[in-house]
Amino acid sequence: MFTDHMVTMRWSEDAGWHEGRLHARQPLTMDPAAAVLHYAQEIFEGLKAYRTDDGGVALFRPEANARRFQESARRLAMPPLPEEYFVESVRALVAQEREWIPEIEGGALYLRPFMIASEVFLGVKPAGEYLYMVLASATGAYWKGGARAISLWVSHEHSRAAAGGTGAAKCGGNYASSLVAQAEAIRRGCDQVVFLDAAERRWIEELGGMNIFFLFADGSMVTPPLTGTILPGITRDSILRMARDEGVDAREEQYSIDQWQEDAASGRLVEAFACGTAAVVTPIGRVAGPDYGFTIGDGGTGPRTARILERLSDLQRGRAPDPHGWLQRVD
Ligand SMILES: *Cc1c(COP(=O)(O)O)cnc(C)c1O
């Protein structure tokens, strides 16, 4: 459910960033030749504001989203928004809309900062005018009834990103090109698609909008490395750091689909989960491809996955110590 207000700010070659405003949510009036509608110069972010147990409101690592938004802008030849403008725009909207945060378990205000090329021009070049906006929506738990284990379809036909492409940028174009594979996953009776690398069609990369972790019987864990083709998730980074703080052997390492199947069968691999801001931590119960299928553990939510979800949720809601200063209060 979208809230009543939004933020807008403009950029032009002459004026730079200007006209930052918090105002009533309203439709956009756009010329049909606006560059974004033709060449997809668009980037976005996703973060949440949480109600903390002491009655306050907090953002989780918003400066990390701000930095990633700058990286995405550079890759799409767009002007990077200064980190302080990003954080201030999000904080202003949260302060305005704080009453919208649902008081239910898993409730949060989902924030969607994004930027589009607004110049009216059909020539192919980086646009000379941009519009930055922030929307907010009230969200409940992503998966109704708790973290149900999901099933994954392994796409051997479509890839999400290749070396040198835009895989590490949070841009709408990556999603547009992933939808046909996601639709195939649904058609095959699975919840989500998981992509392999574009070169060898062998190494697991990530889901359409979530990173992935593998948990082993020896207590260690693995997630694919940031080689430029996967999105550097802030949830991924937070889970890695929390695990390493606890002394867990958490490695960023390539992991192949063949090895995953073999390890699931031998019991070397005991759990797997997907992670991201929207769904937090989601257990993976089953994996299927064109001519194979296998189950992870007993197909349900494993104890270590449940614990990681709980630890992260507790931290985000101010119920646990915050050694890295990840929570930013909004008053
Ligand atoms: C946003 C996103 C993620 C998760 O990133 P978080 O910062 O953890 O929310 C993972 N993969 C893709 C493709 C994404 O767009």
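Residues numbered from 1 in each chain as written. Predicted model: local features only at pLDDT ≥ 70, side-chain atom pairs only at ≥ 80, totals over all residues. Heavy atoms only, no water.

## What to know about the domain arrangement of the chain
Each assigned domain of the chain is listed with its residue range as follows: domain 1 (5–139) and domain 2 (150–316). The distance between the C-alpha centroids of domain 1 and domain 2 comes to 27 Å. Each partner contributes to the interface: domain 1 provides 17 residues, whereas domain 2 provides 21 residues. Both faces considered, domain 1 and domain 2 share a buried interface measuring about 1,600 Å² in area, 59% of it formed by carbon and sulfur atoms. At the junction of domain 1 and domain 2, the tally comes to 1 salt bridge. The shortest N-O distance in the salt bridge between D237 and R61 comes to 2.9 Å. Listed by contribution, the elements that provide at least two residues to the side of domain 1 that touches domain 2 are β3 (42–44), β4 (47–51) and α2 (62–75). The element that contributes the greatest number of residues to the side of domain 1 that touches domain 2 is α2, accounting for 5 residues. A breakdown of the residues in the side of domain 1 that touches domain 2 according to their chemical character gives 8 nonpolar, 3 polar and 6 charged. (Domains from an automatic or database assignment. Contact = heavy atoms within 4.5 Å. Buried area = accessible area lost by both parts, 1.4 Å probe. Salt bridge = Lys/Arg side-chain N within 4 Å of Asp/Glu carboxyl O. Helix = DSSP H or I, 4+ residues; strand = E, 2+ residues; numbered from the N terminus. Nonpolar A, V, L, I, M, F, W, Y, C, P; charged D, E, K, R; others polar.)

## Brief notes about the packing of helix α5 (residues 234–245) against helix α7 (residues 303–316)
Running from N to C, α5 and α7 point in directions that differ by 105 degrees, and their axes come no closer than 11 Å. The pairing of α5 with α7 is recorded here as roughly perpendicular in orientation. Taking contact as the criterion, the partners of T235, S238, I239 and M242 in α5 are, on α7, I308, R311, L312 and L315. A per-class count over the contact of α5 with α7 returns 5 nonpolar, 2 polar and 1 charged. (Axes fitted to C-alpha atoms, helices over the stretch in contact; angles between N-to-C directions. Parallel < 35°, antiparallel > 145°, perpendicular 65-115°, else oblique.)

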